[in-house]
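# A closer look at the structure
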Amino acid sequence: MLLDALFRSEPLENPANPITAEMADTDGLFNKDVYVSPETAMKLAAVYACIYVLSSNLAQMPLHVMRRHNNKVEPARDHAAFYLLHDEPNVWQTSYKWRELKQRHILGWGNGYTRVKRSRRGELTSLDCCMPWETTLLNTGGRYTYGVYNEEGAFAVSPDDMIHIRALGNNQKLGLSPIMQHAETIGMGMSGQKYTESFFNGNARPAGIISVKQELKQDSWTRLKKVWQKASEALRSQENKTLLLPAELDYKALTVSPVDAQIIEMSKLNRSLIAGIFNVPAHMINDLEKATFSNITQQAIQFVRYTMMPWVTNWEQELNRRLFTRAELAAGFYTRFNLTGLLRGTPQERAQFYHFAITDGWMSRNEARAFEDMNPVEGLDEMLVSVNAANPGKDFKTDSSEDKKDE
């Protein structure tokens, strides 16, 4: 049954719902003079910037396998998943490039697939990328499997061996492409970009008008066009030169019309809309028109909390259920992204944070040194507690008992 599902030959069309021109292409959408798809949308600067910001930020965070044991949490470096997630998931990619590519697939196609390969003993050996356009979810008699069609051939992958991270979708099995859900908005930006390019390249629109003060003959008109073309070529090759015209000619430059100026302004609005689609602060895609120093600092914090944290949780939960057995989960194994790097502030802010953490008694001085990639120093593992943070009830009881003894 599985092979029949992989190599089925029945037509795709449902007689009850015949295929139309609008339904024929599910990977892209024609919007007037542009074609919107996960690939072509990357040509729009705002889309590329948003996807790069989200993918690079998720990829740069350290990803570890941790183990909670005897009320202690420590890196599980002896687990096979630690090296795959932290260093090299497969022979082609580092951990950074694997996560960057998967997040790009999720934001472009709505789904990111990674095949988990294991040895005959069940040990993890590699995490291989599967392209979303080469992977499909199959229903074989009520049992779901992933069908992969690539250069290695056509084969089925069990859901237990497929890390499938989804974007927001309409059902529990597949995510939807954010680009295709907002194809009209992105298409408007691509159309504006194409119009702006054609506008500055001429687009059969004259840059100026030459008028003559007297009627020209045919020979004079032909000679005038040749002279003007020669002068225009000279201007293009030598910038900031003055164009000299005969006394009988008058040149009047044409300015940008209000409609053209409004279209250029619409491109700025479209950039803001696309940033909102991906929930990325405008200043992170180099839109600094309304940015100030104070609100950029707050937006950076909100970016970590409200943009990156949902993606981090999405990744962590999917990795946990596909990389670890139930016995390993019960033993305390789990994956963890370290967001400290994204929240890392200026030296003054970090010093103030460490000061309060150490004096409040929940971080040792060596732990603070570890965050700064500094070696531990003997004698700095002791926890310090500020006098103001001491327990007043305990001190009061001690003082009272001593007073009674004196009496």
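Residues numbered from 1 in each chain as written. Predicted model: local features only at pLDDT ≥ 70, side-chain atom pairs only at ≥ 80, totals over all residues. Heavy atoms only, no water.

### Topic: the overall build of the protein chain
- Helix and strand content of the protein chain: 14 helices and 13 strands.
- Expressed as a percentage of contacts within the protein chain between residues at least 6 apart in sequence, the contacts between residues at least 24 apart total 61%.
- Accessible surface, the protein chain as shown: approximately 27,100 Å² in total, 53% of it carbon and sulfur. (Helix = DSSP H or I, 4+ residues; strand = E, 2+ residues; numbered from the N terminus. Contact = heavy atoms within 4.5 Å. Areas by Shrake-Rupley, 256 points an atom, 1.4 Å probe, with all protein chains shown as cover.)

### Let's talk about the side chain of H79
- Take H79: it is sitting in the loop between β4 (72-75) and α3 (80-86).
- Since its relative accessible area comes to 13%, H79 is described here as buried.
- Looking at H79, its side chain comes within polar contact range of the main-chain nitrogen of A81, at 3.0 Å.
- Non-local contacts of H79, meaning those with residues more than four positions away in its chain, are made with V65, L124, F324, E328 and F333. (Buried < 20%, exposed > 50% of the residue type's maximum accessible area, 1.4 Å probe, protein only. Polar contact = N/O pair within 3.5 Å; in protein donor to acceptor, adjacent residues only side chain to side chain.)

### Thoughts on the state of the cysteines
- Per the counting criterion, the structure on display carries zero disulfides.
- We note that C129 lacks a disulfide partner, and the nearest cysteine sulfur, in C130, lies 7.6 Å from it. (Disulfide = S-S within 2.5 Å.)

### Observations regarding the sheet that holds strand β6 (residues 124-130)
- A sheet is described by the order of its strands in space; here three strands give the open sequence β6-β5-β10, paired in antiparallel fashion. The open sheet has two edge strands, β6 and β10 (162-166), and neither has a second partner. Direction aside, the axes of adjacent strands within the sheet are offset by 20 degrees on average.
- On the sheet, helix α4 (residues 95-109) packs against β5 (111-118), β6 and β10 and is oriented at approximately 140 degrees with respect to β5. (Pairing = 2+ DSSP bridges. Axes fitted to C-alpha atoms, helices over the stretch in contact; angles between N-to-C directions.)

### Concerning the packing of helix α2 (residues 45-60) against α4
- Closest axis-to-axis distance for the α2/α4 pair is 8 Å, and the angle between their directions is 145 degrees. Every pair of crossing elements has a handedness; the one defined by α2 and α4 is right-handed. Between α2 and α4, the residues in contact are I51, Y52, L54, S55, S56, L58, A59 and Q60 and Y96, R99, E100, Q103, R104 and L107, respectively. (Left-handed = near helix turned anticlockwise from the far one by under 90°.)

### Describing the packing of aromatic side chains
- Applying the stated criterion to the full structure yields eight aromatic pairs.
- Where W109 meets W133, the ring centres are 5.0 Å apart and the plane angle is 45 degrees; that geometry is what we call tilted. Linking W109 in helix α4 with W133 in the loop between β6 and β7 (135-140), this pair joins segments that are 24 residues apart in sequence.
- Relative to F333, the ring of F324 has its centre 6.3 Å away and its plane inclined at 25 degrees; by these criteria the two rings are stacked.
- A relative accessible area of 5% places F324 in the buried class.
- Residue class for F333 comes out buried when judged on its relative accessible area of 11%.
- These aromatic residues form a ring-pair network of at least three members: W98, W315 and F337. (Phe/Tyr/Trp six-rings, centres within 6.5 Å; stacked < 30°, edge-to-face > 60°.)

### Looking at the nonpolar core
- By size, the foremost hydrophobic cluster in this structure holds 54 residues, and its most contacted members are F278 and L323.
- Discounting residues that sit within four places of it in the chain, L323 has contacts with A81, L85, V116, R118, L124, L127, I163 and E328.
- Within the second largest apolar cluster, seven residues are counted, among which are Y113, C130, Y146 and V157. (Core = buried A, V, L, I, M, F, W, Y, C linked by side-chain atoms within 4.5 Å.)

### Quick notes on the pattern of salt bridges
- Going through the model one piece at a time under the given rule, you end up with seven salt bridges.
- The salt bridge partner of K97 is E100, with a shortest N-O separation of 2.5 Å. Linking K97 with E100, this pair stays in helix α4, spanning three residues, or about one helical turn.
- For the salt bridge of R322 with D160, the shortest nitrogen-to-oxygen distance reads 3.9 Å. With R322 in helix α9 (residues 293-323) and D160 in the loop between β9 (153-157) and β10, this residue pair connects regions lying 162 residues apart in the sequence.
- When salt bridges that share partners are traced, they join D160, E318, R321 and R322 into one network. (Salt bridge = Lys/Arg side-chain N within 4 Å of Asp/Glu carboxyl O.)

### Observations concerning α2
- Its 16 residues place the ends of α2 22 Å apart at the C-alpha level, agreeing with the 22 Å of an ideal helix rising 1.5 Å per residue.
- Of all 16 residues in α2, 12 are buried, a share of seventy percent or more.
- Every buried residue of α2 is listed here: A46, V47, A49, C50, I51, V53, L54, S55, S56, N57, L58 and A59. (Expected span 1.5 Å × (residues − 1).)

### Side note on a nonpolar patch on the surface
- Residues M188, M266, L269 and L273 make up a contiguous nonpolar surface patch of about 330 Å² in total accessible area.
- No other element matches the three residues that helix α8 (residues 258-277) contributes to the nonpolar patch.
- Secondary-structure assignment places L269 in helix α8.
- Taking the relative accessible area as the measure of exposure, L269 reaches 44% and is therefore partly exposed. (Patch = residues over 30% accessible without salt bridge, like charges linked within 9 Å, V, L, I, M, F, W, Y side chains within 5 Å.)

### Overview of the environment of Y96
- Within the element layout of this structure, Y96 appears in helix α4.
- Judged by its relative accessible area of 30%, Y96 is partly exposed.
- Taking the C-alpha atoms as reference, Y96 lies 9.4 Å from S55; in sequence the two are 41 residues apart.
- Contact partners of Y96, with chain neighbours within four places excluded, come to S56, A59 and Q60.

This is a description of form; function is not addressed.
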